[in-house]
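# Structural description and commentary
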Amino acid sequence: MKRLLHATVATAAAIGLFAAGSAGAKEMKMGLITPPPHIWTKEAQAFAEDLKAATGGRHTVVVYPSRQLGNEAEVLQQMQSGAVDLAFMTVAEISNRVPEFSALFTPFLVDDNAEAAKLLKTSKTARGLLEMLPAKVGVVGIGYGMAGVRQIVSATPIASAADLKGRKIRVTPFAATRDFNTILGTAPTPMPLPDVYDALANGQVDAIEMDLELTIKLKYWELAKTVLISNQMMFPMVGIVSGRTWRDLSAEDRAAITELMGKRLDNVLDQTEEVERTFLPMLKEKEGLQVLEVDQSFYGDSVTEWEKIWTPKAPVEAIRAEAAAL
Ligand code: BEZ
């Protein structure tokens, strides 16, 4: 497997836009929506410690988990003004600004988390998308992490795709998943992570799009009759730096952030690879829970319909070719 270096190309492009500054000290803010025990938060914290050590304490990073700086749209806005410096952010939010990123949500692109991690580490298409960020969003993309590929956790039993029709399904709001759900005939219901358990418990939604790890750790399985192991979409994350912050950093500090954040993003990907091995067997042991493993055929021609919408707007064919060659 040929490994692409983190941010090599994206950073080069960004340097073109933002000439390096001087090496002044900075206390940086890093915003995340994930809670403290989540792997994104832990790796962000570890990155903060690494950067402090590498710069002899000149640069410090304060990590704000659990949406303390706002939701992702708000964090991105603050990064554009320079009020927030760094983030680990879902590609969902990024794709709302740069639709080309929706290629990463091509349904049934990968078979499992291990393949998703491999694709995100090696894909030139994914790397090329990061290069669009400085000009289109005013941030510099360092590299990819992810939450696990998406499954469906349903409070009502599911035997076929027809059982999803008309059902309210919790989604993270972004166009690629909205379109897939609309094609399936579900009622996609946007909802942030902290609201999901109660909404599934009180019947506000019938099912949720979720990854395996949180299905176990946040006990969504307790509320489910069926967990559909479909691996239907990747759910990537990006590590980003405010363009304004980047502009003021020296070339050495940029290199340190690129290397140290890149290492932590890789850790996120590597740990997600473990998910099937750890959590799928645990789920299968839960009494009274149906774990239904399906592939693309479960959804009939819905994937083709989705591709008709998105192939003209995003590099779907290019990323499919890379995934097929893994
Ligand atoms: C979600 O919205 O489902 C989610 C967001 C961040 C990490 C994991 C899951």
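Summary of the structure given here. Since we're looking at a predicted model, the values are computed, not measured.

### Some details on the site of the ligand
Around the ligand sit 13 residues in total, of which Trp40, Ala147, Arg150, Arg170 and Thr172 are the nearest. Arg150 places a polar side-chain atom, nitrogen or oxygen, 2.9 Å from an oxygen atom of the ligand. A distance of 3.2 Å is found between an oxygen atom of the ligand and a side-chain nitrogen or oxygen belonging to Thr172. If the ligand stood free it would expose 270 Å²; the protein chains cover 99% of that surface.

### Points about the pairing of strand 3 (residues 86–90)
For strand 3, the buried fraction is high: five of the five residues fall into the buried class. Residues Leu86, Phe88 and Thr90 of strand 3 are buried on one face, and the alternating residues Ala87 and Met89, pointing to the opposite face, are buried as well. The pairing of strand 1 (residues 26–31) with strand 3 spans two bridges and is classified as parallel. Following the sheet pairing, Gly31 is matched in strand 3 by Ala87. Across five bridges, strand 3 lies against strand 10 (residues 235–242) in antiparallel orientation. What sits directly across from Thr90, in strand 10, is Met237.

### Thoughts on helix 15 (residues 316–324)
Turning to helix 15, its buried residues number three or more, namely Val316, Ile319 and Ala323. The buried residues of helix 15 occupy one face: seen down the axis, they fall within an arc of 75°. Exposed residues lying more than 90 degrees from the buried face of helix 15 are Glu317 and Ala324. Along its buried surface, helix 15 packs onto helix 5 (113–122), helix 6 (124–130) and helix 14 (302–310).

### Observations concerning the nonpolar core
By size, the foremost hydrophobic cluster in this structure holds 87 residues, and its most contacted members are Met30, Phe101, Tyr144, Ile240 and Tyr299. Broken down by element, the residue count for this core peaks at seven residues, all from helix 12 (residues 251–273). Among the nonpolar cores identified, the runner-up in size contains 22 residues, and Ile208, Met210, Leu212 and Ala224 belong to it.

### Focus: the packing of aromatic side chains
Taken as a whole, this structure holds eight aromatic pairs when the rule is applied. The interplanar angle of 85° and the centroid separation of 5.2 Å between the aromatic rings of Phe298 and Tyr299 together place this pair among those described as edge-to-face. By relative accessible area, Tyr299 is classed as buried at 3%. Summarising the aromatic geometry, the rings of Trp306 and Trp310 are spaced 6.0 Å apart at their centres and angled 25° between planes, so their arrangement reads as stacked. You can see Trp306 and its partner Trp310 sitting in helix 14, four residues apart, about one turn around the helix. A relative accessible area of 0% places Trp306 in the buried class. Ring pairing ties together the aromatic residues Phe108, Phe180, Phe298 and Tyr299, which thus form one cluster.

### Thoughts on the pairing of strand 5 (residues 151–154)
The two faces of strand 5 match: Gln151 and Val153 on one face and Ile152 and Ser154 on the other face are all buried. As defined by bridge partners, strand 5 adjoins strand 8 (residues 207–210) across four bridges and the pair is classed as antiparallel. Note on strand 8: the bridge partner recorded for Ser154 is Ala207. Pairing geometry for strand 5 and strand 9 (residues 226–229), over three bridges, is antiparallel. Among the inter-strand pairings, Val153 is bridged to a residue of strand 9, identified as Val227.

### A word on the environment of Tyr220
Tracing the chain through its elements places Tyr220 in the loop between helix 10 (212–217) and strand 9. On a C-alpha basis, the gap between Tyr220 and Leu265 in space is 26 Å, while along the polypeptide they are 45 residues apart. The residues touching Tyr220, leaving out its near neighbours within four places in the chain, are Val153, Leu193, Val196, Tyr197, Leu200, Ile208, Met210, Leu214 and Thr215.

### Notes on the packing of helix 8 (residues 175–184) against helix 14
The contact between helix 8 and helix 14 brings their axes to 9 Å, and the two run at 135°. By the criterion of interaxial angle, the relationship of helix 8 to helix 14 is oblique. When you trace helix 8 past helix 14, the crossing you get is right-handed. Residues Ala175, Ala176, Asp179, Phe180, Ile183 and Leu184 of helix 8 form the contact with helix 14, whose own contacting residues are Ser302, Val303, Glu305, Trp306, Ile309 and Trp310. Considered class by class, the residues forming the contact of helix 8 with helix 14 number nine nonpolar, one polar and two charged.

Parameters and conventions
Residues numbered from 1 in each chain as written. Predicted model: local features only at pLDDT ≥ 70, side-chain atom pairs only at ≥ 80, totals over all residues. Heavy atoms only, no water. Near = heavy atom within 4 Å. Polar contact = N/O pair within 3.5 Å; in protein donor to acceptor, adjacent residues only side chain to side chain. Areas by Shrake-Rupley, 256 points an atom, 1.4 Å probe, with all protein chains shown as cover. Buried < 20%, exposed > 50% of the residue type's maximum accessible area, 1.4 Å probe, protein only. Helix = DSSP H or I, 4+ residues; strand = E, 2+ residues; numbered from the N terminus. Pairing = 2+ DSSP bridges. Arc of directions from axis to C-beta. Contact = heavy atoms within 4.5 Å. Core = buried A, V, L, I, M, F, W, Y, C linked by side-chain atoms within 4.5 Å. Phe/Tyr/Trp six-rings, centres within 6.5 Å; stacked < 30°, edge-to-face > 60°. Axes fitted to C-alpha atoms, helices over the stretch in contact; angles between N-to-C directions. Parallel < 35°, antiparallel > 145°, perpendicular 65-115°, else oblique. Left-handed = near helix turned anticlockwise from the far one by under 90°. Nonpolar A, V, L, I, M, F, W, Y, C, P; charged D, E, K, R; others polar.

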